[in-house]
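Residues per chain, in single letters:
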Amino acid sequence: MTKQPDENARQLLDLGKRSKPRVFEDGTPEQARLDYNAGFLSVQGAKETVTSLEDRQIDGPNGRINLRLYRGIDTPSRDAAALLYLHGGGWMLGNLDSHDEICRWFANIARCVVICPDYRLAPEHRFPVGLADCAATLIYMARNAAELGIDPLRIAVAGDSAGGNLAAVLALMARSGEVPTLVAQLLIYPNTDAAQTADSYRRHGEGFGLTSSTMRWFRDHYVRSSADILDWRVSPLRAESLADVAPAFVLLAEYDILADEGLAYAERLREDGVPVLLRQWPGQIHGFVSMGKYIPVARQAVEEAVAAWRGFEEVSDQTMP
């Protein structure tokens, strides 16, 4: 454990204090999106070149869904591995550009096809609408694997923060056959318990970027009522069992209010017999993987996630009859 965030994380926190933007919960959701959209590009590094990038639309249960498809450098044209990436932003913020840097990294490092959906956001579209968009995208990937040049048996899911929440829920849905089978789930500082009672909310609730009050604001705009907080599709940590879900890579940041619930989820997965690789990143803050301009280890975090994914695949291949 470190005594304080590392130098690069502190630089980012100081930058945020100097710019003095209003906190999201002091404005409307529309104002929060404007503030978020004005800021995310300033913390992303130079965009890596990928072999191809395409925007397209698909039909979903709630209407058309915008997708962005990335094909990484040296990715096979047929039967490639594929990743469904779900962006963070408290279920209220984020879009196809906000996590473009991460998607390019995954595509190139894993030599895979990455598909990122612009899922519907709260509060205009509360739970479970955004989740349904994500599920529809996964179904689309499996059904159109040949046209996409991917192997339908080599699809993984990943996401950060609220996207990590959605990814974990999809992995649970895949277990029961509601969505196609997944080979791995890559969870980057995921939300796993909407009750928000973990001790890290006290330890890191102020002064480390994402605050406890902002998280309450996000959650309260996402759920329809307090009853949803107990629903495993909002709080996967509250699922009766996590057995038989896809192997998991869980990445946590030390100075993050979500650290304890992410750790608890990794421990529950292990207890229920799921292969887990846990990486607790010292000195880092929530969102650091999206801050490549200031956080040099951001790309390394993605490299570790890909290595875990490949490791899970190798073990699966060795155990097949």
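Please refer to the structure placed before this passage.
About the thresholds
- Residues numbered from 1 in each chain as written.
- Predicted model: local features only at pLDDT ≥ 70, side-chain atom pairs only at ≥ 80, totals over all residues.
- Heavy atoms only, no water.
- Helix = DSSP H or I, 4+ residues; strand = E, 2+ residues; numbered from the N terminus.
- Rg over C-alpha atoms; globule rule 2.2 N^0.38 Å.
- Contact = heavy atoms within 4.5 Å.
- Areas by Shrake-Rupley, 256 points an atom, 1.4 Å probe, with all protein chains shown as cover.
- Buried < 20%, exposed > 50% of the residue type's maximum accessible area, 1.4 Å probe, protein only.
- Pairing = 2+ DSSP bridges.
- Right-handed = clockwise from strand over helix to strand, strands pointing away.
- Phe/Tyr/Trp six-rings, centres within 6.5 Å; stacked < 30°, edge-to-face > 60°.
- Lys NZ or Arg CZ within 6 Å of the ring centre and 35° of its normal.
- Expected span 1.5 Å × (residues − 1).
- Arc of directions from axis to C-beta.
- Polar contact = N/O pair within 3.5 Å; in protein donor to acceptor, adjacent residues only side chain to side chain.
- Axes fitted to C-alpha atoms, helices over the stretch in contact; angles between N-to-C directions.
- Salt bridge = Lys/Arg side-chain N within 4 Å of Asp/Glu carboxyl O.

### Quick word on the overall build of the chain
Counting its secondary structure elements, the chain contains 10 helices and 8 strands. Taken against the 2.2 N^0.38 rule, which gives 20 Å for 321 residues, the C-alpha radius of gyration of the chain at 18 Å falls within 12% of a compact globule. Sequence-distant contacts, at least 24 apart, represent 79% of the contacts inside the chain between residues at least 6 apart. Element-wise, carbon and sulfur atoms account for 50% of the exposed surface of the chain, whose accessible area totals about 13,500 Å².

### Quick notes on the pairing of strand S6 (residues 184-188)
Here S6 lies mainly inside the structure; 5 of its 5 residues are buried. Note: strand S5 (residues 150-160) against S6, 5 bridges, orientation parallel. Its bridge partner being in S6, Ala 158 is matched across the sheet by Leu 186. Assessed by its sense of winding, the connection that carries the chain from S5 through helix H6 (residues 162-175) to S6 is right-handed. Pairing geometry for S6 and strand S7 (residues 248-255), over 4 bridges, is parallel.

### So, unusual backbone geometry
Here the bond from Ala 122 into Pro 123 is cis, since omega is 0°, no more than 30 degrees from zero. Among the secondary structure elements, Pro 123 is positioned in the loop between strand S4 (113-117) and helix H4 (129-143). Residue Phe 127 is joined to Pro 128 through a cis peptide bond whose omega torsion reads 10°. Position of Pro 128 among the secondary structure elements: in the loop between S4 and H4. Positioned with a positive phi, Arg 111 is a non-glycine residue whose angle comes to about 50°. Position of Arg 111 among the secondary structure elements: in the loop between helix H3 (100-110) and S4.

### Examining the packing of aromatic side chains
Considering all chains together, one arrives at 9 aromatic pairs under this definition. Between Trp 217 and Phe 218, the ring centres sit 5.9 Å apart and the planes meet at 45°, which makes this aromatic pair tilted. Per residue, the accessibility class of Trp 217 equals that of Phe 218, and both read buried. A cation over an aromatic ring shows up here: Arg 279 above the ring of Trp 281, its NZ or CZ 3.9 Å from the ring centre.

### Observations regarding helix H1 (residues 7-19)
An ideal rise of 1.5 Å per residue puts 18 Å on 13 residues; H1 measures up with 18 Å between its terminal C-alpha atoms. Among all positions of H1, only Ala 9, Leu 12 and Leu 13 are buried. In an axial view of H1, the angular spread of the buried residues amounts to 95°, which keeps them on one side of the axis. For H1, the exposed residues set more than 90 degrees away from the buried face come down to Glu 7 and Arg 18. Turning to H1, the residues buried within the fold contact strand S8 (276-285). Where H1 begins, one side-chain oxygen reaches toward the backbone nitrogen of Asn 8, 3.2 Å away; that side chain belongs to Asp 6.

### Section: the sheet that holds strand S3 (residues 80-86)
Read across the open sheet, the 8 strands follow the order S1-S2-S4-S3-S5-S6-S7-S8; overall the sheet is mixed. Lying at the two open borders of the sheet, with one neighbouring strand each, are strand S1 (52-60) and S8. Across the sheet, the mean angle separating the axes of adjacent strands is 20° when strand polarity is ignored. Relative to S4, S3 runs parallel, the two being bridged by 3 bridges. In the strand pairing of S4, Leu 84 is matched with Ile 115.

### Re the pattern of salt bridges
Across all of its chains, the model carries 24 salt bridges by this definition. In this structure, Asp 199 and Arg 202 form a salt bridge, with 2.8 Å as the shortest nitrogen-oxygen distance. Under the relative-accessibility criterion, Arg 202 is labelled exposed at 61%. Among the salt bridges present, the one from Asp 228 reaches Arg 224, with a minimum N-O distance of 2.9 Å.

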